[in-house]
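Structural overview for review
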Amino acid sequence: MRRPIAAALAGCLLLGGCASRDEASILDGDTLTAGVRPDLPGIGFKGPDGTYEGLDVDVSRYLAARMGKKVRFVPALARDRERLLQDGDVDMVLTFWLEPKWKERFSFAGPYLTSYQDILVRADEHGVRGVRDLKGRRICAVMGAGAAEAVTVEREVPAVPVAARSCEECMGMLADGRIDAITTNDTILAGMKTRRGAGFRLLNARFGERRTAIAIRRGDLDGCEALNTAITQMYQDGTMAKFMRKWFGTSGLDLSDVQVPQFEGCL
């Protein structure tokens, strides 16, 4: 049976590090390099001045501080995040859906957020009320993300995916009519809607639970458990609830019950 997270971390700290580790761990350095999305307002967004903001940025800073480390940010678009981890350019990548295909290649801490898949349409679009109404509709398919496949493959709705490099590009295509809808995490859609203001409508369709986790290199058990301990503390001290209100408080999302998600366990 795996040791409780807190006990495992405490043991490592008392010994000045887990000497039994044979491979590199995120616990080794003084700085955590976090891969965050640069194109998702409210989640991870890189401004013109090069600074980052959003939920994932705040979460990364909190976790690093709890682990006694500094944090550095690297842009991680959906199509680049696997390469960044495999090449060692980042220590961890946030906003990763927990799916079987990813578990084969990486270890995961968390999830640190439980959300649902939703749909964003133009404000004057009244023919789409739920996922089944996407039949024959053009939906955005961000390269490397997998949200479009959750509609066309998992739910077998014959929507028409239209490729895009980023969610920002999706928003442009939705605004000018090249696509009919964007579907992904409700928090991502809420952030984009808040940034763009009027002209768009979030359906609150909530048709698929999405467990959002932190990907790290496979086999880093100690680093994974340290992150899980910090995530638990982030919820218990009320910090996560504050972060959620900060970024999504005006979006219409239900933020009345922000509870620590059920962890997957570190493998």
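Criteria and cut-off values
- Residues numbered from 1 in each chain as written.
- Predicted model: local features only at pLDDT ≥ 70, side-chain atom pairs only at ≥ 80, totals over all residues.
- Heavy atoms only, no water.
- Buried < 20%, exposed > 50% of the residue type's maximum accessible area, 1.4 Å probe, protein only.
- Helix = DSSP H or I, 4+ residues; strand = E, 2+ residues; numbered from the N terminus.
- Arc of directions from axis to C-beta.
- Contact = heavy atoms within 4.5 Å.
- Polar contact = N/O pair within 3.5 Å; in protein donor to acceptor, adjacent residues only side chain to side chain.
- Salt bridge = Lys/Arg side-chain N within 4 Å of Asp/Glu carboxyl O.
- Phe/Tyr/Trp six-rings, centres within 6.5 Å; stacked < 30°, edge-to-face > 60°.
- pLDDT = per-residue confidence, 0-100.
- Axes fitted to C-alpha atoms, helices over the stretch in contact; angles between N-to-C directions.
- Parallel < 35°, antiparallel > 145°, perpendicular 65-115°, else oblique.
- Left-handed = near helix turned anticlockwise from the far one by under 90°.
- Nonpolar A, V, L, I, M, F, W, Y, C, P; charged D, E, K, R; others polar.
- Pairing = 2+ DSSP bridges.
- Right-handed = clockwise from strand over helix to strand, strands pointing away.

1. Considerations on helix 5 (residues 147-154)
Of the residues making up helix 5, those classed as buried are A147, A148, A150 and V151. Taken end-on, helix 5 shows its buried residues confined to a sector of 165°, consistent with a single buried face. Close packing links the buried residues of helix 5 with strand 6 (92-97), strand 7 (106-122), strand 8 (138-142), strand 10 (182-185) and strand 12 (208-217). Positive backbone phi, approximately 55°, marks E156, located one or two places after helix 5.

2. Observations concerning the side chain of D220
Along the chain, D220 falls in the loop between strand 12 and helix 8 (221-236). When its relative accessible area of 5% is taken as the criterion, D220 is described as buried. Looking at D220, its side chain comes within polar contact range of the main-chain nitrogen of I26, at 2.9 Å. The contacts of D220, once residues within four sequence positions are left out, are A24, S25, I26 and S107.

3. Some thoughts on the pattern of salt bridges
This model, assessed by the stated rule, comprises 19 salt bridges. As a salt-bridge pair, E99 and R210 come within 3.7 Å of each other at their nearest N and O atoms. Here R210 lies in strand 12 and E99 lies in the loop between strand 6 and helix 4 (100-103), a separation of 111 residues in the sequence. Note on accessibility: E99 and R210 belong to one class, buried. Taking the shortest distance from any N to any O, the salt bridge between R178 and D176 comes out at 3.0 Å.

4. Regarding the packing of aromatic side chains
Taken as a whole and judged by the stated rule, the model has four aromatic pairs. Ring geometry for F96 against W102: centres 5.0 Å apart, planes inclined by 80°, an arrangement best described as edge-to-face. Side by side, F96 and W102 carry an identical accessibility label, which is buried. Relative to F106, the ring of F96 lies with its centre 6.1 Å away and its plane at 55°, an arrangement referred to as tilted. Residue F96 is located in strand 6, and its partner F106 is located in strand 7; the two are separated by ten residues in the primary sequence.

5. Regarding the confidence of the model for the chain
For the chain, per-residue confidence averages 88 on the pLDDT scale, and 91% of positions sit at 70 or higher. Of all secondary-structure elements in the chain, the lowest mean pLDDT belongs to helix 1 (residues 5-14), at 40, while helix 2 (residues 55-66) reaches the highest, 98.

6. Details of the packing of helix 6 (residues 167-175) against helix 7 (residues 186-196)
It is at 11 Å that the axes of helix 6 and helix 7 come closest, and there the two elements cross at 60°. In terms of their interaxial angle, helix 6 and helix 7 are classed as oblique. Helix 7 is crossed by helix 6, and the crossing has right-handed handedness. Residue-level inspection shows C167, E168, M171, G172 and A175 of helix 6 in contact with helix 7, the latter providing I188, M192 and R196. Taken together, the residues of the contact of helix 6 with helix 7 sort by class into five nonpolar, one polar and two charged.

7. Quick word on the pairing of strand 8
Burial runs high along strand 8: four of the five residues are buried. Note that strand 8 and strand 9 (residues 160-164) share five bridges and pair parallel. Bridged to R138 within strand 9 is V160. Where the polypeptide runs from strand 8 across helix 5 and back to strand 9, its parallel neighbour, the crossover connection is right-handed.

8. Points about the packing of helix 2 against helix 8
One way to put it is that helix 2 packs onto helix 8 with a least axis distance of 9 Å and a crossing angle of 115°. Taken together, the axis directions place helix 2 and helix 8 in an arrangement best described as roughly perpendicular. Taken as a pair, helix 2 and helix 8 cross one another with a handedness that is right-handed. Contacts between helix 2 and helix 8 involve V59, Y62, L63 and R66 from the former and L227, A230, I231, Q233 and M234 from the latter. For the contact of helix 2 with helix 8, a count of residues per class yields seven nonpolar, one polar and one charged.

9. Regarding the environment of L85
Examined against the element boundaries, L85 turns out to sit in helix 3 (residues 81-86). It is 22 Å that separates the C-alpha atoms of L85 and G68, two residues lying 17 residues apart in sequence.

10. So, unusual backbone geometry
The peptide bond linking G110 to P111 adopts the cis configuration, its omega dihedral lying at 15°. Mapped onto the elements, P111 comes out in strand 7. Of note in the backbone geometry, T95 takes a positive phi value of approximately 55° without being a glycine. In this structure, T95 sits in strand 6. Here T95 falls in the buried class, since its relative accessible area comes to 9%. Phi is positive for R206, which is not a glycine, with a value near 45°. As for its placement among the helices and strands, R206 is situated in the loop between strand 11 (200-202) and strand 12.

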